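Breakdown of the fold
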Amino acid sequence: MESAFVTTNGIRLHYLREGVGRPVVFLHGGILDSHDFQGALHLAAKQGYRAMAFDRPGYGLSERPKGKITPFDQARFLHNALRILEVQQPIIVGHSWSGLLALIFALMYPKDVSGIVLLAPAMYKEGYPAEHGDPLSALMTAPVIGERFIRLFLKTPFAKAMTENMLKQTFAPEPLPNGYRERVYALWLRPGQIKANREDVLAFPPAALEASKRYTEIQHPLSIVVGENDPFGAKEQALRLIHDIPHAGLRVVPQVAHMIPQNHPELVIDAIRMVADMGN
């Protein structure tokens with residue numbers, strides 16, 4: 001597995017890559033970075049895919065431009081990065097927050113996608129945790145005072161408490177992978193990354209409201225995987241998407257929660273194979 005960078009739209013994006021063959025691009029959710037897909041990346045490469053996992057802007061080792069950006073902006077950045085890297089018609093895999101990003105990418109660049117895999121995805125404003133806004137995110141992203149507040153907040157016990165609650169919510173009742181808590185404390189609690197996350201939380205509802213009006217246009221092979229124990233309403237969002245995109249396949253997995261890429265990379269590969277077969 002290699003670590004590399006590509007410069008696009010004035011920022012450097014970091015990505016992991018492994019394997020050769022049909023391209024698959026992995027997009028992580030709102031917590032960490034490309035390493036969320038490390039297991040799936042390795043399995044995909046063994047299955048004969050050219051697997052790539054990106055750190056989204058502001059996460060992991062990727063830069064984020066000044067000023068707030070939307071999921072539509074992130075789709076443009078990714079599209080340009082793939083063009084530079086000569087990646088043609090990949091299968092796009094989006095987890096959690098990036099369920100929306102994957103669908104927006106397909107809507108913006110329909111000829112440049114061969115299939116879509118959505119894992120525990122968020123796709124609609126309705127039912128999203130910050131559907132009606134989020135006061136903490138608004139404070140952390142406020143001009144001038146936002147960065148100062150974040151730095152003060154990260155020095156308090158509340159930051160650790162919030163992190164532990166987040167880990168419990170997103171993984172329970174499944175275990176944390178070895179080393180995941182340590183990576184969260186090393187990466188997610190950096191001022192730049194937590195600000196990027198809070199901006200993305202606030203950017204999600206208006207972008208989802210706009211994009212969801214066009215989901216019925218999506219004709220690509222599409223597979224959705226959700227856990228029966230997902231605490232964030234992913235199953236309900238997936239059922240709504242099936243109504244909008246009837247040809248999509250849905251797999252609801254018992255005894256599985258939200259963090260599918262981290263704990264169940266084999267489910268990710270099964271979904272990729274399904275989409276690849278649908279496209280043949």
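The structure this text deals with has already been given above.
Presented here is a report on the structure given in the accompanying data block.

Right, let's get into the pairing of strand 1 (residues 2-8). Note: strand 1 against strand 2 (residues 11-18), 7 bridges, orientation antiparallel. Counterpart to Phe 5 in the pairing with strand 2 is His 14. Where strand 1 folds back onto strand 2 in an antiparallel hairpin, the turn is made up of 2 residues, including Asn 9, whose phi is positive at roughly 55°.

Here we come to a nonpolar patch on the surface. Together, Leu 139, Val 144 and Ile 145 line one region of the surface with nonpolar side chains, adding up to about 280 Å² of accessible area. Within the secondary structure, Val 144 is located in the loop between helix 4 (135-140) and helix 5 (145-153). On the basis of relative accessibility, which here comes to 71%, the residue Val 144 falls in the exposed class.

The next thing to look at is the sheet that holds strand 5 (residues 91-95). Read across the open sheet, the 8 strands follow the order 1-2-4-3-5-6-7-8; overall the sheet is mixed. With partners counted over all chains shown, the strands left at the sheet margins are strand 1 and strand 8 (249-253), one partner each. Here the average twist between neighbouring strands, direction ignored, is 20°. Alignment of strand 3 (residues 22-27) against strand 4 (residues 49-54), held across 6 bridges, turns out to be parallel. When the sheet's bridge partners are listed, Arg 22 is paired in strand 4 with Tyr 49. Against the sheet, helix 1 (residues 38-46) engages strand 2, strand 3 and strand 4, with an angle of about 165° to strand 4.

Moving on, we get to the packing of aromatic side chains. Applying the stated criterion across every chain yields a total of 7 aromatic pairs. A ring pair is formed by Phe 105 and Tyr 109, whose centres lie 5.3 Å apart and whose planes are at 55°; its orientation type is tilted. Residue class for Phe 105 comes out buried when judged on its relative accessible area of 0%. What makes Tyr 109 buried here is its relative accessible area of 17%. Pairing Phe 171 with Tyr 180 gives two aromatic rings, centres 5.0 Å apart and planes at 70°, and the pair type is edge-to-face. A residue is classified by how much of its surface remains accessible, and Tyr 180, at 6% relative accessible area, is buried. Over the ring of Tyr 59 we find Arg 56, and its NZ or CZ is 4.5 Å from the ring centre.

What counts, and at which threshold
- Residues numbered from 1 in each chain as written.
- Predicted model: local features only at pLDDT ≥ 70, side-chain atom pairs only at ≥ 80, totals over all residues.
- Heavy atoms only, no water.
- Pairing = 2+ DSSP bridges.
- Helix = DSSP H or I, 4+ residues; strand = E, 2+ residues; numbered from the N terminus.
- Patch = residues over 30% accessible without salt bridge, like charges linked within 9 Å, V, L, I, M, F, W, Y side chains within 5 Å.
- Areas by Shrake-Rupley, 256 points an atom, 1.4 Å probe, with all protein chains shown as cover.
- Salt bridge = Lys/Arg side-chain N within 4 Å of Asp/Glu carboxyl O.
- Buried < 20%, exposed > 50% of the residue type's maximum accessible area, 1.4 Å probe, protein only.
- Axes fitted to C-alpha atoms, helices over the stretch in contact; angles between N-to-C directions.
- Contact = heavy atoms within 4.5 Å.
- Phe/Tyr/Trp six-rings, centres within 6.5 Å; stacked < 30°, edge-to-face > 60°.
- Lys NZ or Arg CZ within 6 Å of the ring centre and 35° of its normal.

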